[in-house]
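So you can see what is in the structure, the chains are spelled out below.
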Amino acid sequence: MSAVPGLKADCEELLGAFQEADTVRFECFAELWRERRFHTVFYGRIRALERNKLTKKTLELAQQYFLPPYSFQIRVGALYLLYGLYSTQLCQPKQKIRIALKDWPEIQKFQQDLIDSQHYDAAYIFRTLRLARAFHFTAMPKLLNYRTKKKIQENEFKEEFKDPSNRVNSLITNDVLEELMNIHDHYQKMKCVISADKSQPDKALSLIKDDFVVTLKDITLEHQEWQQNRMKLFLHAKETDEISNRKEEEALLESEGSERANALARIKYKSYSAVVEASKSRRHRQVKLESAESGSNYGKSPSRSKKTSQRPQPSGRRNSLEIEGETQAAKETVTRHIGMPVITEENSDEEEFSLPKRKRRR
């Protein structure tokens, strides 16, 4: 969803810390914002196009926590988050917060709840955004393109931030309890009117308890408290499971690393401990070859080896000399392998050669 990896995790971590503070005051959120230096999220993008894309994705990510099904406290934190991101962005002109028309009635209802609950700091932040024209009202939540088939990814809601679905709280609200109280008072008055004693109703007419509404309210509050404790236990168990799984993974990685290190150590030990030695069947050949080379050098005379013809030779004679030299070298190699010294013989033909005859001119 986000253009920067880890941006969603950072936003959820900030909102989670605001939820743990158990307050909706802006000063608490501002302190958490400054501790995490959240205004630096837009730094590092030099080009204007990349900066605009990053800002759009960031505002779109924060805007999803501003709508149901998230709890009231998370929605207030998302409002503060949108205000901080919109104010600290580096785009000129500023990128706006995209709001679909179908979501606007829900946002107006949320604003009225803020005023009724006397959360004036949150109401002031919302009014400041409206006066700054920070909202961009659109027909659809996301931009649609013509003739394009794109799979729209559904937002994965974080369970810890969602408002717990409670049928009891949805049925028995404050308005319902107030209406029941009025009905119960009117019912008691009508019983007194038809009774013999006008001051109090007859016992035959007391079909329900007098503290019916109060008892219903206490039961509702007790159920709500029980559900909150259950959610806390669920979150605690989830955290312990994550910690245990992380420890198991770390232990597994350490064991795999130690096994690999031991295997490499064994391979190195084997490679360095192995000494290269000649086989028993080849040891005597090395000695014989050395003796043969020394014997062949001993049998040669230095004067004969250096004796070469420096006079020019005809091409035919030169070829024959090269062939004889090759045969002589082959004989020397054979005798070297046998182990006998080589004695070179003088070739009388090398020194005596006849000059080519000249043709007589006619």
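Going by the structure above, here's the rest.
Residues numbered from 1 in each chain as written. Predicted model: local features only at pLDDT ≥ 70, side-chain atom pairs only at ≥ 80, totals over all residues. Heavy atoms only, no water.

### A closer look at the packing of helix H1 (residues 7-20) against helix H2 (residues 26-35)
Two elements in contact, H1 and H2, have axes whose closest approach is 10 Å; the angle formed by their N-to-C orientations is 140 degrees. Judged by the inter-axis angle, H1 sits oblique to H2. With respect to the hand of their crossing, H1 and H2 are arranged in right-handed fashion. Contact residues: H1 offers Leu14, Ala17 and Phe18, while H2 offers Phe29, Leu32 and Trp33. Here the residues of the contact of H1 with H2 sort into 6 nonpolar, no polar and no charged. (Axes fitted to C-alpha atoms, helices over the stretch in contact; angles between N-to-C directions. Helix = DSSP H or I, 4+ residues; strand = E, 2+ residues; numbered from the N terminus. Parallel < 35°, antiparallel > 145°, perpendicular 65-115°, else oblique. Left-handed = near helix turned anticlockwise from the far one by under 90°. Contact = heavy atoms within 4.5 Å. Nonpolar A, V, L, I, M, F, W, Y, C, P; charged D, E, K, R; others polar.)

### Some remarks on the packing of aromatic side chains
Taken as a whole and assessed by the stated rule, the structure comprises 15 aromatic pairs. Between Phe26 and Tyr83, the aromatic rings sit 6.1 Å apart at their centres with planes inclined by 75 degrees, giving edge-to-face as the arrangement. With Phe26 in helix H2 and Tyr83 in helix H4 (residues 72-88), the pair connects residues that are 57 residues apart, well separated along the chain. Ring geometry for Trp104 and Phe137: centres 4.8 Å apart, planes at 85 degrees, overall edge-to-face. Of the two residues, Trp104 is situated in helix H5 (residues 104-116) and Phe137 in strand S2 (residues 135-138); the sequence distance between them amounts to 33 residues. Given the relative accessible area of 40%, Phe137 is considered partly exposed. Aromatic rings pair up to connect Phe18, Phe26, Phe29, Trp33, Phe38, Tyr80 and Tyr83 into one cluster. (Phe/Tyr/Trp six-rings, centres within 6.5 Å; stacked < 30°, edge-to-face > 60°. Buried < 20%, exposed > 50% of the residue type's maximum accessible area, 1.4 Å probe, protein only.)

### Some words on a negative patch on the surface
Judged by side-chain charge, Asp210, Asp211, Asp218, Glu222 and Glu225 come together as a negatively charged surface patch. Positionally, Asp211 belongs in the loop between helix H8 (174-194) and helix H9 (212-273). Overall, Asp211 belongs to the partly exposed group, its relative accessible area being 40%. (Patch = residues over 30% accessible without salt bridge, like charges linked within 9 Å, V, L, I, M, F, W, Y side chains within 5 Å. Areas by Shrake-Rupley, 256 points an atom, 1.4 Å probe, with all protein chains shown as cover. Salt bridge = Lys/Arg side-chain N within 4 Å of Asp/Glu carboxyl O. Lys, Arg positive; Asp, Glu negative; His and termini not counted. Charge placed at Lys NZ, Arg CZ, Asp CG, Glu CD.)

### What to know about unusual backbone geometry
That bond from Pro68 to Pro69 is cis: its omega, 15 degrees, falls within 30 degrees of zero. Tracing the sequence through the fold places Pro69 in the loop between helix H3 (48-63) and H4. The step from Gln92 to Pro93 runs through a cis peptide bond, and the omega angle for that step is 0 degrees. Non-glycine residue Gln118 carries a positive phi angle of around 60 degrees. Examined against the element boundaries, Gln118 turns out to sit in the loop between H5 and helix H6 (120-131).

### Focus: the packing of H5 against H6
Viewed as axis vectors pointing N to C, H5 and H6 meet at an angle of 140 degrees, and their least axial separation amounts to 8 Å. What the angle tells us is that H5 and H6 run oblique. For the pair H5 and H6, the sense of crossing is left-handed. Residues Trp104, Ile107, Gln111, Leu114 and Ile115 of H5 form the contact with H6, whose participating residues are Tyr120, Ala122, Ala123, Phe126 and Arg130. Across the contact of H5 with H6, the residue classes break down as 8 nonpolar, 1 polar and 1 charged.

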